[in-house]
Amino acid sequence: MAYRDTTLQGISPVDAGRKVRLAGWVAGVRDHGGMVFFNLRDRYGVVQVTAGSQPPGIMEAARQLKPEYVVSVLGEIRPRPAGLANPGMPLGSVEIAAEEIEILNPSAPLPFVLAEGEEVSPAMRMKYRYLDMRRPAVRDALLLRSKTAMEARNFLASKGFVEVETPMLTRSTPEGARDFLVPSRVHPNTCYALPQSPQLFKQLLMIGGFDRYFQIVKCFRDEDQRADRQPEFTQIDVEMSFVVADDVMAVAEELALQLLSKIAGATLPSPLMRMKFSDAMNMYGSDKPDLRFGLEIADATACAAGCGFKAFASAAAEGGVVRGLRVPGAAGWSRKQISEVEDAAKKAGLPGLAVFKAEASGLASSIAKHFERSSLESIARALSAGPGDLLLLAAGRKKTVSKGLGEVRLKIGRDSGLAKPGDFKMFWIVDPPLLEYNEEEKRLDAVHHPFTMPRPEDVPLLDTNPEAVRAQAYDLVLNGHEVAGGSIRIHRQDLQEKVFGLIAIDKATAREKFGFLLEALTFGAPPHGGIAFGFDRFVAMLLGTDNITGVIAFPKTTRAFCPLTGAPGPVSDRQMEDLGIAWRDASRKGEMPVDGNE
């Protein structure tokens, strides 16, 4: 006998009188004495099942049921009695009059209640993720993820892209983050690395003549976790040959706009705005600003020169800056609200904030006595302040001040409700620097990655002023998050070696780590470029959340631990011997991570 001949997706109110066999989970039982009711749930929905006096024994069968029992039910679809329909359920106007009930598998009492709105710790939900998936919110998120992937795949296929799978076991290369290493048994004293991205392989595919490649691919980075990061994540990876930046951006933009429209029902104007990296940092203190609200950063350095407030005057005299934010209508904020903003500033690396309230008579502050009236008036003009506004200023090095105020701006915009849920603001960041100075290691680093092509007119600066070189790179920003990033790649061996040298990868190391790429570039490498979408993050944003764990089937905690499987876990001594490795601290062998309620 079949367990079911249809699903809840396959029935509707017009099917009244039809006999069906359904299978699923029991979602609550109600015994009214002369009638037993229970809800039957499958992936597609919920329907009420009734068991009465006929046929004989059906009510007794229904009374054996408990929540989450797996059952098969044969019965007739019929309209619910007048006044008893449930408008909150898609199938709330019908019910199944049960004729047969078969328990396929009972269920033990669940460790938590599946009803929406019940408070359950994230660690508990991850440990029993297969139960959490029965909740509509989690189920719908994973279904939306599947639909988004299918839309992306169909779009790229329609544009002539070929899906190619690249290796999961490759070699460790210096790409920025730490690699996950896999010791080799067959080749002692060596390791594979799990790929941080398919970057080098997709470039090799371009050299191999596959001029339009894509892949929805797993990537791995052993780095500290945040709400929008996981040790393993998914990218929509794209690469194209014989293209300039505009070509790649056009395809990525069309894909992003189509996904927003089809998945989130949002229509944005095209073409998308392009903002220079330098302008973004200057106005918003971030290379991925949230443009759902204003709160631009303004410069008040000239106003501070010679003022009586030491922190401002010193910064201006020593080549630093004084910059600030105007928060319209916030002069009435409570001490608690201002303290929260000051705490955010300190977490962002600022020593503190100077707080002014704009009144009809001028700027008022606990530090106003240190300023000449003319200086206060100049600051008010610089920040375009009007009565009722709140001004927040900081002094110091420009990079530190701008980034710090950028974090303050973000907190205010999101906490104050200026960033409206369901509102989407997407745009491009272009012309970032190719290289930046690493203060800790006293050397240059690649801003994007070391395979990024500099702008042609800036190539001579590689020899004279490398920090002034702009990259042919582009990031797609959505509501304050980078959802895609890409660049035109270096396709000449000599230029690639020069960039390696600038970031302290000498020729010997370059040949050891990237010799296969450098050799490939000598065999007719075409001009090429690409982009990668952070798929987990993009799907999360389509759902209106910043946290990607809700759109990943089996996520890990913020310490990269899986409560469900206990990974990472200990391995046997025999396995370690086969690999020729041993723990440095044998006393901690097999020690399990402790994650509490993460």
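Residues numbered from 1 in each chain as written. Predicted model: local features only at pLDDT ≥ 70, side-chain atom pairs only at ≥ 80, totals over all residues. Heavy atoms only, no water.

**Student:** Break down the overall build of the protein for me, with residues and values.
**Tutor:** Helices and strands together make up the secondary structure of the protein, namely 17 helices and 22 strands. The contacts in the protein between residues at least 6 apart in sequence include a share of 67% that link residues at least 24 apart. Of the accessible surface of the protein, which amounts to about 29200 Å², a share of 53% is contributed by carbon and sulfur atoms. Charge centroids of the protein, computed over 72 positive and 75 negative side chains, lie 2 Å from each other. (Helix = DSSP H or I, 4+ residues; strand = E, 2+ residues; numbered from the N terminus. Contact = heavy atoms within 4.5 Å. Areas by Shrake-Rupley, 256 points an atom, 1.4 Å probe, with all protein chains shown as cover. Lys, Arg positive; Asp, Glu negative; His and termini not counted. Charge placed at Lys NZ, Arg CZ, Asp CG, Glu CD.)

**Student:** Before we move on, could you go through the nonpolar core and cite the residues and values that matter?
**Tutor:** In this structure, Leu156, Met426, Trp428, Tyr474, Leu476, Ile531 and Phe533 are the most contacted members of the largest nonpolar core, which totals 71 residues. In contact with Met426, not counting residues within four places along its chain, are Ala256, Leu257, Leu260, Leu268, Leu272, Leu476, Val477 and Leu478. Within the second largest apolar cluster, 25 residues are counted, among which are Val47, Ala62, Tyr69 and Val94. (Core = buried A, V, L, I, M, F, W, Y, C linked by side-chain atoms within 4.5 Å. Buried < 20%, exposed > 50% of the residue type's maximum accessible area, 1.4 Å probe, protein only.)

**Student:** Describe the packing of aromatic side chains, with residues and values.
**Tutor:** Going through the model one piece at a time under the given rule, you end up with eleven aromatic pairs. Between Phe309 and Phe312 the ring centres are 5.1 Å apart and the planes differ by 80 degrees, which places this aromatic pair in the edge-to-face class. On the basis of relative accessible area, Phe309 is assigned to the buried category, the value being 17%. Note on Trp428 and Tyr474: the rings are 6.1 Å apart at their centroids and 80 degrees apart in plane angle, and the pair reads as edge-to-face. Of the two residues, Trp428 is situated in strand 17 (residues 426-430) and Tyr474 in strand 20 (residues 473-478); the sequence distance between them amounts to 46 residues. Each member of the pair, Trp428 as well as Tyr474, carries the same accessibility label: buried. (Phe/Tyr/Trp six-rings, centres within 6.5 Å; stacked < 30°, edge-to-face > 60°.)

**Student:** Which residues make up the pattern of salt bridges, and what values go with them?
**Tutor:** Inspection of the entire model under this criterion finds 44 salt bridges. Glu163 serves as the salt-bridge partner of Arg153, at 3.0 Å between the closest nitrogen and oxygen. Of the two residues, Arg153 sits in helix 4 (residues 136-158) while Glu163 sits in strand 6 (residues 162-163), which places them ten residues apart along the sequence. Residue class for Glu163 comes out partly exposed when judged on its relative accessible area of 36%. Between Arg414 and Asp546 there is a salt bridge, with the nearest N and O atoms lying 3.8 Å from each other. With Arg414 in helix 12 (residues 398-415) and Asp546 in the loop between helix 16 (535-542) and helix 17 (573-579), this residue pair connects regions lying 132 residues apart in the sequence. Judged by relative accessible area, Arg414 falls into the partly exposed class, the value being 27%. Salt bridges sharing common partners tie together Asp431, Arg455, Glu457, Asp458 and Arg470. (Salt bridge = Lys/Arg side-chain N within 4 Å of Asp/Glu carboxyl O.)

**Student:** Can you break down the sheet that holds strand 3 (residues 45-51) residue by residue, with the values?
**Tutor:** Taken in spatial order, the five strands of this closed barrel run 1-2-3-5-4, and their pairing is mixed. Averaged over all neighbouring strand pairs, the angle between strand axes comes to 55 degrees, with direction disregarded. Bridge count for strand 1 (residues 19-31) against strand 4 (residues 70-79) is seven bridges, and the pairing is antiparallel. Among the inter-strand pairings, Leu22 is bridged to a residue of strand 4, identified as Val73. (Pairing = 2+ DSSP bridges. Axes fitted to C-alpha atoms, helices over the stretch in contact; angles between N-to-C directions.)

**Student:** Describe the packing of helix 7 (residues 277-284) against helix 12, and please don't skip the residues or the numbers.
**Tutor:** The contact between helix 7 and helix 12 brings their axes to 8 Å, and the two run at 70 degrees. Our classification of the angle between helix 7 and helix 12 gives roughly perpendicular. Residues Met281, Asn282 and Tyr284 of helix 7 touch helix 12, and the partners they reach there are Lys398, Ser402, Lys403, Gly406 and Arg409. (Parallel < 35°, antiparallel > 145°, perpendicular 65-115°, else oblique.)

**Student:** Provide a residue-level description of helix 6 (residues 245-264), including the pertinent values.
**Tutor:** Between the first and last C-alpha of helix 6 there are 27 Å, a value that for 20 residues agrees with the 28 Å anticipated at 1.5 Å per step. Residues Ala245, Val248, Met249, Val251, Ala252, Glu253, Leu255, Ala256, Leu257, Leu259, Leu260 and Ile263 constitute the buried set of helix 6. Among the residues trailing helix 6, Gly265 stands out with phi positive, at a value near 70 degrees. (Expected span 1.5 Å × (residues − 1).)

**Student:** Give me the domain arrangement of the protein: which residues, what numbers.
**Tutor:** Examined at the domain level, the protein breaks down into domain 1 (13-105), domain 2 (140-275 + 427-551) and domain 3 (293-418). When each unit is reduced to the centre of its C-alpha atoms, the spacing between domain 2 and domain 3 is 37 Å. (Domains from an automatic or database assignment.)

**Student:** Describe the state of the cysteines, naming the residues involved and giving the relevant values.
**Tutor:** Summed over the entire model, instances satisfying the criterion amount to zero disulfides. No disulfide involves Cys219; its sulfur sits 19 Å from the nearest other cysteine sulfur, which is in Cys562. (Disulfide = S-S within 2.5 Å.)

**Student:** Break down helix 5 (residues 199-207) for me, with residues and values.
**Tutor:** Taking burial as the measure, the nine residues of helix 5 include seven buried ones, the bulk of the element. The set of residues buried in helix 5 consists of Gln199, Leu200, Lys202, Gln203, Leu205, Met206 and Ile207. The elements touched by buried residues of helix 5 are strand 9 (212-220), strand 10 (232-241), helix 15 (507-520) and strand 22 (528-534). Positioned one or two residues after helix 5, Gly209 has a phi angle of 100 degrees, which is positive.

**Student:** So what about the sheet that holds strand 12 (residues 297-299)? Which residues, and what values?
**Tutor:** Sheet architecture is open: five strands sit in the order 12-13-16-14-15, paired in antiparallel fashion. Each having just a single partner strand, strand 12 and strand 15 (362-364) make up the two edges of the open sheet. Neighbour-to-neighbour, the strand axes of the sheet open up by a mean angle of 35 degrees, direction not taken into account. Looking at chain direction, strand 12 and strand 13 (residues 321-327) are connected through three bridges and run antiparallel.

**Student:** I'd love a proper account of the side chain of Thr7, names of residues and values included.
**Tutor:** Tracing the backbone shows Thr7 in the segment before strand 1. Excluding residues that lie within four positions of it along the chain, Thr7 makes contacts with Leu22, Asp42 and Tyr44.

**Student:** Can you tell me about the environment of Met273, naming the residues and giving the values?
**Tutor:** Structurally, Met273 is set in the loop between helix 6 and strand 11 (274-276). Taking relative accessible area as the criterion, Met273 reaches 42% and is therefore assigned partly exposed. Counting along the chain gives 248 residues from Met273 to Leu521, while the straight-line C-alpha distance between them is 34 Å.

**Student:** Which residues make up the pairing of strand 20, and what values go with them?
**Tutor:** Counting buried positions along strand 20 yields six of six residues, so the element is predominantly enclosed. Burial of strand 20 is two-sided: the residues Ala473, Asp475 and Val477 facing one way and the residues Tyr474, Leu476 and Leu478 facing the other way are all buried. Pairing between strand 17 and strand 20: five bridges, direction antiparallel. Counted as the bridge partner of Met426 is Leu478 from strand 20. Looking at chain direction, strand 20 and strand 21 (residues 481-488) are connected through six bridges and run antiparallel. Considered in strand 21, the bridge of Val477 is made with Glu482. Between the end of strand 20 and the start of strand 21, which pair antiparallel, lie two residues, with Asn479 showing a positive phi angle near 50 degrees.

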